[in-house]
Amino acid sequence: MEWNLNKTSINRPYSYENLKTLLDTICKKENKFPQVDFFMWCDNLTMAWDEEDLDDQDQVAFGIARDIEAQWDLYWYEFYSREQLMKMDLTKLKLPPDWFKEWTAELVGK
């Protein structure tokens, strides 16, 4: 199936290992990409893997990526209207750092 993927500066294949690497990079505050690009990448992963036959590890990654992209929307819509968000520079928005640590721990099973 052909997906209409989001534009993102993150040019990595959709995989468990890349999700883990990206989460680790954000946790260490070493990311050179804005968080919004990470959320777009996670959304792309969920679209690309939506109808795939995933192994257990990838199933966990899929669930976490889906949660990440959903939480991005839910969090910001609590504070801003759709119209406000459409006018904002989304590259400046950042979610609480502890969330990334929790997603990383969930991904690696800790």
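First things first, this report covers the structure right here in the doc. Quick caveat, the model's predicted, so the values are computed rather than measured.

Its 24 residues place the ends of helix α3 (residues 56-79) 36 Å apart at the C-alpha level, agreeing with the 34 Å of an ideal helix rising 1.5 Å per residue. When we look at burial in α3, the residues that qualify are Asp-58, Ala-61, Phe-62, Ile-64, Ala-65, Ile-68, Glu-69, Trp-72, Tyr-75 and Trp-76.

The calculated volume of the largest pocket comes to roughly 280 Å³. Residue lining of the largest pocket: 15 residues in total, with Met-40, Trp-72, Asp-73, Tyr-77 and Leu-90 positioned closest to the centre. Where the lining of the largest pocket is concerned, the elements lending two or more residues are α2 (35-49), α3 and α4 (82-87). Among the elements that make up the lining of the largest pocket, the one with the highest residue count is α3 (five residues).

Now for the pattern of salt bridges. This structure, assessed with the given rule, holds four salt bridges. Across the salt bridge formed by Asp-98 and Lys-101, the nearest N and O atoms sit 3.9 Å from each other. You can see Asp-98 and its partner Lys-101 sitting in helix α5 (residues 97-108), three residues apart, about one turn around the helix. Assessed through its relative accessible area of 46%, Asp-98 is described here as partly exposed.

The next point concerns the nonpolar core. Judged by nonpolar contacts, the single largest core of 29 residues is most densely connected at Leu-19, Leu-23, Phe-38, Ile-68, Leu-95 and Phe-100. Those elements that place two or more of their residues in this core are α1 (16-27), α2, α3 and α5. Per element, the largest residue contribution to this core is eight residues, and it comes from α3. Those residues within four positions of Phe-38 in sequence are excluded, and the remaining contacts are Ile-10, Leu-19, Leu-22, Leu-23, Ile-26, Phe-33, Ile-68 and Phe-100.

Cut-offs used in this document
Residues numbered from 1 in each chain as written. Predicted model: local features only at pLDDT ≥ 70, side-chain atom pairs only at ≥ 80, totals over all residues. Heavy atoms only, no water. Helix = DSSP H or I, 4+ residues; strand = E, 2+ residues; numbered from the N terminus. Expected span 1.5 Å × (residues − 1). Buried < 20%, exposed > 50% of the residue type's maximum accessible area, 1.4 Å probe, protein only. 1 Å grid on protein atoms, 1.4 Å probe; cavity = no way out; pocket = protein on both sides within 12 Å on 5 of 7 lines; lining within 4 Å. Points joined across faces, edges and corners; volume = space filled by probe spheres on them. Salt bridge = Lys/Arg side-chain N within 4 Å of Asp/Glu carboxyl O. Core = buried A, V, L, I, M, F, W, Y, C linked by side-chain atoms within 4.5 Å. Contact = heavy atoms within 4.5 Å.

Such coordinate-based values are descriptive only and should not be taken to indicate function.
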